[in-house]
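The chain contents come next:
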Amino acid sequence: MGDKSTITTQEKSFGFHTRSVHAGSRPDPATGARALPIFQTTSYVFENSESAAAYFNLQEYGNTYSRIMNPTVAAFEERLANLDGGVGAVAFASGLAAQSATFFTMLNPGDHVIASAALYGGSVTQLKHLFRKLSVELDFVDPDNLDAWRGALRENTKLLFAETIGNPGGNVLDIQAVADIAHAHATPLMVDNTFATPYLNRPLEWGADIVVYSATKFLGGHGTSIAGAVIESGEFDWSNGRFPVIAEPSPAYHGLAFHETFGTFGFLMKLRAETLRDLGAALSPFNAFLIAQGLETLPLRMKQHVSNARAVAEFLSNHQQVDRVSYPGLRSSPYLALVDKYLPKGPGAVFCFDIVGGRAAGLAFIESLTLFSHLANVGDAKSLVIHPASTTHRQLSEPELTAAGIGPGTIRLSVGIEDSDDLIWDLAQGLEAAAARGLERVED
Ligand SMILES: *Cc1c(COP(=O)(O)O)cnc(C)c1O
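Bear in mind that the values here come from a model prediction, so they are computed numbers and not experimental data.

The rules behind these values
- All chains use their own residue numbering, which begins from 1 and follows the written sequence.
- Given that this is a predicted model, residues contribute local features only at a pLDDT of at least 70 and side-chain atom pairs are listed and counted only at 80 or more, while totals for whole chains, interfaces and linings are drawn from all residues.
- As a convention, hydrogens and water are excluded, and side-chain values are obtained from all of the structure's heavy atoms.
- Axis geometry follows a simple rule: fit a line to the C-alpha atoms, using only the stretch in contact for helices, then measure angles between N-to-C directions, giving values from 0 to 180 degrees.
- Numbering of helices and strands runs from the N terminus; a helix is a DSSP stretch of H or I covering at least four residues, while a strand is a stretch of E covering at least two.
- Small angles under 35 degrees read as roughly parallel and large ones over 145 as roughly antiparallel, with 65 to 115 read as roughly perpendicular and the rest as oblique.
- Handedness of a crossing follows from how the near helix is turned relative to the far one, being left-handed for an anticlockwise turn of less than a right angle and right-handed for a clockwise one.
- Here, residues are in contact when the closest pair of their heavy atoms is within 4.5 Å.
- By definition here, a helix of n residues has an expected span of 1.5 Å times n minus one.
- The bend reported for a residue corresponds to the angle between axes fitted to the seven residues ending at that residue and the seven starting there.
- Think of it in three bands: residues with accessible area under 20% of the maximum for their type are buried, residues over 50% are exposed, and the middle band is partly exposed, with areas taken using a 1.4 Å probe on protein chains only.
- In this description, a nonpolar core means a group of buried Ala, Val, Leu, Ile, Met, Phe, Trp, Tyr and Cys residues linked to one another through side-chain atoms lying within 4.5 Å.
- Residue ranges assigned to each domain were obtained from an automatic or database domain assignment.
- Each reported salt bridge corresponds to a side-chain nitrogen of Lys or Arg within 4 Å of a carboxyl oxygen of Asp or Glu.
- For Phe, Tyr and Trp, where Trp contributes only its six-membered ring, two rings pair if their centres lie within 6.5 Å, and the inter-plane angle classes them as stacked under 30 degrees, edge-to-face over 60, or tilted in between.
- Only lysine NZ and arginine CZ atoms are considered, and such an atom sits over a ring when it is within 6 Å of the ring centre and within 35 degrees of the ring normal.
- Any two strands are treated as partners once DSSP identifies two or more bridges connecting them.
- The cutoff for a nearby residue is simple: one of its non-hydrogen atoms must lie within 4 Å of the molecule or strand.
- Any pair of nitrogen or oxygen atoms within 3.5 Å is treated as a polar contact; in protein, a donor-acceptor pairing is required on top of that, and neighbouring residues in sequence qualify only through side-chain atoms on both sides.
- The method behind every accessible area is Shrake-Rupley, applied with a 1.4 Å probe, and residues are considered shielded solely by the protein chains displayed.
- Two parts placed together each lose some accessible area under a 1.4 Å probe, and the buried area is that loss summed for both.

### Points about the packing of helix 4 (residues 95–106) against helix 5 (residues 121–133)
- As a packed pair, helix 4 and helix 5 sit with axes 11 Å apart at the nearest point and diverge in direction by 40°. Looking at the two axes, helix 4 sits oblique to helix 5. The way helix 4 lies across helix 5 gives a crossing that is right-handed. Every residue of helix 5 that contacts helix 4 at Leu 96, Gln 99, Ser 100, Phe 103 and Phe 104 is listed here: Gly 122, Ser 123, Gln 126, Leu 127 and Phe 131.

Shown next as structure tokens:
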């Protein structure tokens, strides 16, 4: 196949499965290696002093130092940007590093951010404490309420931020409507698409400007590596007068005006050449290899994740010990119309339910499971379970917990790719154990 396997040289537009396997990598020209090589190197020999200077001036694009770019990391970035339909991507050491870097690239002290109140707990903490400390102003809104988004806009609002599928309430974002609200205010919309992945939804196609991922989850897919990424559409007009931080000459890069010089790549170039350079949260080549390997089977895994999640959600919603199942794929879900529009292949595989008997029943249930592992992660091939109120969302106050839809008996599942009848067997015996624990208490 030789060079013909580079997706971009083909005239045919390839499908999602093909691009998951081929985008961003081709047989290594130096060795013929077919798998993506792990370029475990910090730095790269310059051809001559002139090209070294050109690289550092960003007049030529080439490898200098692996904090800023690395060929294995670049293959992962190109594959993901291709799957999401963006102009490019920048990888980071974690999802939260990807978000921090985006905020640092576009915000100044005194700027205002409107974020969904149903964000991942770590994202809430990051904004509420770290970025407030840096004088970024902040409002959290109910992501389902379009008037709340509109009402929170201020002169200094520079970013709207939400998740495709909120955690743990299962809120599905009306991406197009929120993007319209943002754009009417000359402001970008950033979407955390971790729970959907580009297989289930591509937010850029619905008007989002920036997509961020915790690649730690479904993209890598096997619970092996922490990683993150930022993808941009290249369509937002950063020279609209509201983002001098990107449009005007940068003192941190000897007066380079990123938007003017690099056009649609301006934001991503600044994100890499300045923010990644300065924050230093670079993805290691080895982890980039594992995530890129994960992407090859993303569509196959997501199909199985979704079909198992549906089966499990239906089983739970018919069980007498279960109060509420917040899987947006159930017919009873208030998000059904949004799922049809944005997630026609299914609303992912992470959701919550409330167990009858509250905290004690919840903990007894988790302790009796055998296939579901009790841990703080989602998006693994293996099924996972956690009690958010005592773990992932522990930093949140009572009102914040309620706003995020988390009660004392709320249990979060990340449904894996095992056989669904085995998963249902495990959940059924866990519910039995929880009921037995309840009886013991009554008799006490
Ligand atoms: C895990 C997660 C993050 C944070 O990602 P890390 O890779 O752990 O830094 C952000 N958003 C969502 C939705 C997540 O699930």
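### Some thoughts on helix 5
- Over its 13 residues, helix 5 runs 18 Å from end to end, which matches the ideal 18 Å to within 8%, given 1.5 Å per residue.
- At Leu 127, helix 5 shows its largest kink, close to 25°.
- Three or more residues of helix 5 are buried, namely Gly 121, Gly 122, Ser 123, Val 124, Gln 126, Leu 127 and Phe 131.
- Buried residues along helix 5 sit in contact with helix 4, strand 2 (112–116), strand 3 (137–141) and strand 4 (157–163).
- Remark: Ser 135 follows helix 5 within two positions and exhibits a positive phi of approximately 65°.

### Regarding the nonpolar core
- Membership of the largest hydrophobic core comes to 80 residues, with the highest contact counts inside it found for Phe 76, Phe 351, Phe 365 and Leu 413.
- Examining the composition of this core, we find that seven residues originate from one element, helix 13 (residues 298–317), more than from any other.
- Counting contributing residues, this core receives three or more from each of domain 1 (43–295) and domain 2 (298–443).
- Not counting chain neighbours up to four residues away, the residues in contact with Phe 76 comprise Ala 91, Ala 215, Gly 228, Ala 229, Leu 283, Ala 288, Ile 291, Ala 292 and Leu 295.
- Leu 127, Phe 131, Trp 238 and Leu 276 belong to the second-largest nonpolar core, a separate cluster that totals 30 residues.

### Regarding the pattern of salt bridges
- Taken as a whole and assessed by the stated rule, the structure comprises eleven salt bridges.
- A network of salt bridges, in which partner residues are shared, links Glu 137, Asp 139 and Arg 154.

### Quick look at the packing of aromatic side chains
- Tallying each qualifying case throughout the model produces 16 aromatic pairs.
- Measuring from centroid to centroid gives 4.7 Å for Phe 236 and Trp 238, while their planes differ by 65°, and the two rings are edge-to-face.
- Judged by relative accessible area, Phe 236 falls into the buried class, the value being 9%.
- Through successive ring pairs, a cluster of aromatic residues spans Phe 103, Phe 104, Phe 131 and Phe 161.
- The cationic tip of Lys 158 hangs over the ring face of Phe 243; the distance from NZ or CZ to the ring centre is 5.7 Å.
- Its end group placed over the ring of Tyr 120, Lys 217 keeps NZ or CZ at 5.1 Å from the ring centre.

### Some remarks on the sheet that holds strand 8 (residues 322–325)
- Taken together, five strands build an open sheet; the order of strands is 8-9-12-11-10 and the sheet is mixed. Each of the sheet's edge strands pairs with one partner strand only, and the pair in question is strand 8 and strand 10 (373–374).
- As paired elements, strand 8 and strand 9 (residues 350–355) share three bridges and run antiparallel to each other. From the neighbouring strand, Val 322 faces strand 9, where its bridge partner is Ile 355.
- Against the sheet, helix 13 contacts strand 8, strand 9 and strand 12 (410–414), and its axis sits at roughly 15° relative to strand 9.
- Lying over the sheet, helix 15 (residues 358–368) contacts strand 9, strand 10, strand 11 (384–386) and strand 12, oriented at roughly 125° with respect to strand 9.

### A word on the site of the ligand
- In the vicinity of the ligand there are 14 residues, among which Leu 96, Asp 192, Ser 214, Thr 216 and Lys 217 approach most closely.
- In this structure, an oxygen atom belonging to the ligand sits 2.7 Å away from a side-chain N or O atom of Lys 217.
- Calculation on the ligand without its partners gives an accessible area of 380 Å², and the protein chains cover 93% of this total.
- The element that contributes the greatest number of residues to the shell around the ligand is helix 4, accounting for three residues.

### What to know about helix 3 (residues 71–84)
- Over its 14 residues, helix 3 extends 20 Å from the first C-alpha to the last, a length consistent with the 20 Å expected when each residue adds 1.5 Å.
- Among the 14 residues that make up helix 3, ten are buried, leaving the element largely enclosed by the rest of the structure.
- Among the residues making up helix 3, those that are buried are Thr 72, Val 73, Ala 75, Phe 76, Glu 77, Arg 79, Leu 80, Ala 81, Leu 83 and Asp 84.
- Of the residues that open helix 3, the one with a side-chain oxygen 2.8 Å from the backbone nitrogen of Thr 72 is Asn 70.

### Let's talk about the domain arrangement of the protein chain
- Domain parsing of the protein chain yields domain 1 (43–295) and domain 2 (298–443).
- Averaged C-alpha coordinates put domain 1 and domain 2 at centres separated by 30 Å.
- Across the boundary between the two partners, domain 1 contributes 34 residues, which contact 33 residues of domain 2.
- Together domain 1 and domain 2 conceal approximately 3,100 Å² of surface at their shared face, both sides included; 63% is due to carbon and sulfur atoms.
- Summed over the three residues of domain 1 that lose the most area to domain 2, namely Pro 168, Tyr 199 and Phe 218, the buried surface amounts to 26% of that side.

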